[in-house]
Structure formats: structure tokens, C-alpha cells
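# Chains, contacts and geometry: an overview
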Amino acid sequence: HYCIEMGSKFIGVQPAHVRKIPSNPSDLAMNLDTLVQMLDADIADGFVPIAVCALAGTTNSGAVDDMEAISEICAKRDIWMHVDGAYGGFFALTEKGRAAMKGMEKADSVVMDPHKSLFHPYGIGALLVRNQFSLQKGNRSDGACMQPPPAESVTEIEDIMNLSPELTRDFRGLKMWLPLQMLGVEAFRAQLEEKLAL
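Now for a quick tour of the structure. (Residues numbered from 1 in each chain as written. Predicted model: local features only at pLDDT ≥ 70, side-chain atom pairs only at ≥ 80, totals over all residues. Heavy atoms only, no water.)

## Topic: unusual backbone geometry
Negative phi values dominate among residues other than glycine, just as trans dominates among peptide bonds. Quick reminder of the rule: Numbered from the N terminus, helices here are DSSP runs of H or I no shorter than four residues, and strands are runs of E no shorter than two. Think of it in three bands: residues with accessible area under 20% of the maximum for their type are buried, residues over 50% are exposed, and the middle band is partly exposed, with areas taken using a 1.4 Å probe on protein chains only.
In the Ramachandran plot, Leu28 falls in the positive-phi region, its phi being about 65 degrees despite a non-glycine side chain. Inspection of the secondary structure assignment puts Leu28 in the loop between α1 (2-10) and α2 (32-44). Judged by relative accessible area, Leu28 falls into the partly exposed class, the value being 45%. Positioned with a positive phi, Phe119 is a non-glycine residue whose angle comes to about 60 degrees. Tracing the chain through its elements places Phe119 in the loop between α5 (114-117) and β4 (126-129).

## Concerning the environment of Lys116
Quick note on the threshold: In this description, contact between two residues means that some pair of their heavy atoms is separated by no more than 4.5 Å.
Structurally, Lys116 can be placed in helix α5. With 77 residues separating them in the primary sequence, Lys116 and Glu193 have C-alpha atoms 15 Å apart. The residues contacting Lys116, other than those within four sequence positions of it, are Ala86 and Tyr87.

## Quick word on the sheet that holds strand β3 (residues 109-112)
Note the cut-off: When DSSP finds at least two bridges between two strands, those strands are taken to pair. Between N-to-C directions, angles cover 0 to 180 degrees, with each direction set by a line fitted to C-alpha atoms, over the stretch in contact for helices.
Ordered in space as β1-β2-β3-β4, the four strands form an open sheet in which the pairing is mixed. The sheet terminates laterally at β1 (51-55) and β4, the two strands that pair on one side only. Each strand axis lies, on average, 20 degrees off the axis of its neighbour in the sheet, ignoring direction. Two elements, β1 and strand β2 (residues 80-85), share five bridges in a ladder whose sense is parallel. Bridge pairing links Leu55 to Asp84 in β2. Sitting on the sheet, helix α3 (residues 67-77) is in contact with β1 and β2, with an inclination near 155 degrees to β2.

Structure representation (C-alpha cells):
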């Protein structure tokens, strides 16, 4: 997805350093043999791969990468595993989707967009991370206009502003929380199952 290159620029990695792994013609999933070859070649050449992005249901084709295998490949090489579940991630609420996305639970981070498959309004997205302190470590800062932060903690979140680059934001989570509270998850699961049956 083009957002991978956008995100890489955001963290200072130029698009020339982003490796695109070819897909299998049969199921459009990432070719794992090529992934391993490219990772090992980069490591042998002195590069440090920082992340692999697996896809959990692409917008164009619905393709799902073998996240179970990718998680093992990443763990063996100490590489961050990110899952782009922006379109398809919430299909894991269904039995069929959960089976297809086996391994997503092993990711270091997963992004999901409730406005795509949960029919919520625009303006909310979900970033789930295995270790919230990695966000704090990456976004922690202070300024003259703010109280000085205490010594960096790895056991408690000091301030939610340290979890993202945004300092000021509205309560986006309410747009997702309220429909789930009013209608329950079963209503959304039924809609997702209907989409899988089409």
C-alpha cells in the first residue's frame, strides 16, 4: 500500500530504502521465499531491516498475507512486524476472518480503520501496539510551556500526549465506542459475515 512509503518518509526512511516484496500469482499474498532472501541479503550487506509490513485484507483484492509465517521470520531476525489491517483487519471478528488472519495477534503493531469495515464515520483509525511504551519512547518530548516530564517510565504512561506526534486532538474513540455500546459487536460481526459471503 502506498501508505507504507508515506509512513517511511514520516520517520526519516527514504522510499529508496523500502523493499517491495512480490506477491504470489495464485493468492496475491506476499512471497515468503523472496522475503527471506531479501532480508538475509540486506543483513549480509550490513543493512538493518527495521520492519516488515504484512497485509490483512487489501482494499483492492482482499489478499491476506501468511502472518503466522511472517511473525516467525521477523522474530528470528528481531524485526518489527506491522500489520496493515486498515481495510480487512476487523474481519477477524468473524470465524472465517479469524482463521485467515491467524498470526495477526503476534504482530508488534496493527492498524485498522473502523470507517472501512465497521461502517463508522471518517476521522478515526486504530493503531494497536503490543508494547505501548514503544510509542512513549518514540514520541516523548517536553517543552518550556509544559511541566517537565518525570524520569522515563517503562511501567506507566506518563501522559497520553507521549503516545503520538499529536499534542492536541479530539476524543476520536467516542465515535467507535458509542456505536459498539449501543448496538453491540454482534451487529457488526453479522455485517462482516455478510460481506464475506458475497
